[in-house]
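Here are the chains, one letter per residue:
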Amino acid sequence: MSACPSRPKRSSTSPCRGSCYGAWHDAFDTPLRIFKYPLTNAVKYANASEIQVELVYEATQCSLHIKDDGKGFGVGSLPTLGGFGLLDMSERAERMGAQLTIQSQPGRGTEIVVIINQS
């Protein structure tokens, strides 16, 4: 019997504050997919060893912050080969009326912020 290949150790933090409402509660599939892409990318492509996630519900808005310490990338220089995750995230955020901010630099990780104003 062979041993399983070793995987890099990853740590994560994921605080959530407030009560669920509006777009996050009523149409959960779209925000869930926006949430899923950065996590998948951090593990699958960026080799991140730490991923921080914060979901905050406030009176006027809901915000999702995802930050990793992975490889990072040039935001303006992404090839379309290999997937359309970032484009899909952007389109989904637009359909929800959310603000999406992506910050990343090669060697410096990635930070993604999604803000949805309460209707």
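Residues numbered from 1 in each chain as written. Predicted model: local features only at pLDDT ≥ 70, side-chain atom pairs only at ≥ 80, totals over all residues. Heavy atoms only, no water.

1. So, the overall build of the protein chain
In terms of regular secondary structure, the protein chain is built from 3 helices and 6 strands. Per-residue burial over the protein chain gives 30% buried out of 119 residues. At a minimum sequence separation of 6, the contacts of the protein chain that also span at least 24 residues come to 65%. (Helix = DSSP H or I, 4+ residues; strand = E, 2+ residues; numbered from the N terminus. Buried < 20%, exposed > 50% of the residue type's maximum accessible area, 1.4 Å probe, protein only. Contact = heavy atoms within 4.5 Å.)

2. With respect to the confidence of the model for the protein chain
Here the protein chain averages 76 in pLDDT, while 67% of its residues score no lower than 70. The least confident element of the protein chain is helix H1 (residues 22-26), whose mean pLDDT is 49; the most confident is strand E5 (residues 99-104), at 93. pLDDT under 50 marks residues 1-8. Its contacts with residues more than four places away, or in other chains, come to 0 contacts. (pLDDT = per-residue confidence, 0-100.)

3. Some remarks on the pairing of strand E6 (residues 110-117)
Burial of E6 is extensive: 6 of the 8 residues sit out of reach of the surface. Here strand E4 (residues 61-68) pairs with E6 via 8 bridges, running antiparallel. When the bridges of E6 are listed, His 65 appears paired with Val 113. Direction of pairing for E5 relative to E6: antiparallel, over a ladder of 6 bridges. Within the sheet, the bridge partner assigned to Leu 100 lies in E6 and is Val 114. In textbook terms, the turn of a hairpin is the stretch between consecutive antiparallel strands, and for E5 and E6 this stretch comprises 5 residues, one of which, Gly 107, has a positive phi near 80°. (Pairing = 2+ DSSP bridges.)

4. Side note on the pattern of salt bridges
For the structure on display, the rule yields 1 salt bridge. Taking the shortest distance from any N to any O, the salt bridge between Asp 88 and Arg 92 comes out at 2.8 Å. Of this pair, Asp 88 and Arg 92 are both found in helix H3 (residues 85-96), 4 residues apart, which corresponds to roughly one turn of the helix. Relative accessible area serves as the criterion here: at 13%, Arg 92 is assigned to the buried category. (Salt bridge = Lys/Arg side-chain N within 4 Å of Asp/Glu carboxyl O.)

5. Quick look at the environment of Ala 48
For Ala 48, the position within the fold is in the loop between helix H2 (29-44) and strand E3 (50-57). The spacing of Ala 48 and Asp 68 is 20 residues in sequence and 6.0 Å in space, taken between C-alpha atoms.

6. Let's talk about the pairing of E3
Every other side chain in a regular strand lies on the same face of the sheet, so the side chains alternate between the two faces. Here E3 pairs with E4 via 7 bridges, running antiparallel. From the neighbouring strand, Gln 52 faces E4, where its bridge partner is Lys 67. What sits between E3 and E4 in their antiparallel hairpin is a turn of 3 residues.

7. Here we look at H3
Across its 12 residues, H3 extends 16 Å between first and last C-alpha, which sits within 8% of the 16 Å expected from 1.5 Å per residue. Where H3 ends, the next residue or the one after it, Gly 97, has phi of about 75°, a positive value. (Expected span 1.5 Å × (residues − 1).)

8. Regarding the environment of Gly 72
Relative to the assigned elements, Gly 72 resides in the loop between E4 and H3. Between the C-alpha atom of Gly 72 and that of Gly 109, which follows or precedes it by 37 residues, the distance is 4.1 Å. Each residue touching Gly 72, except ones within four places of it in the same chain, is listed here: Ser 104, Gln 105, Pro 106, Gly 107, Gly 109 and Thr 110.

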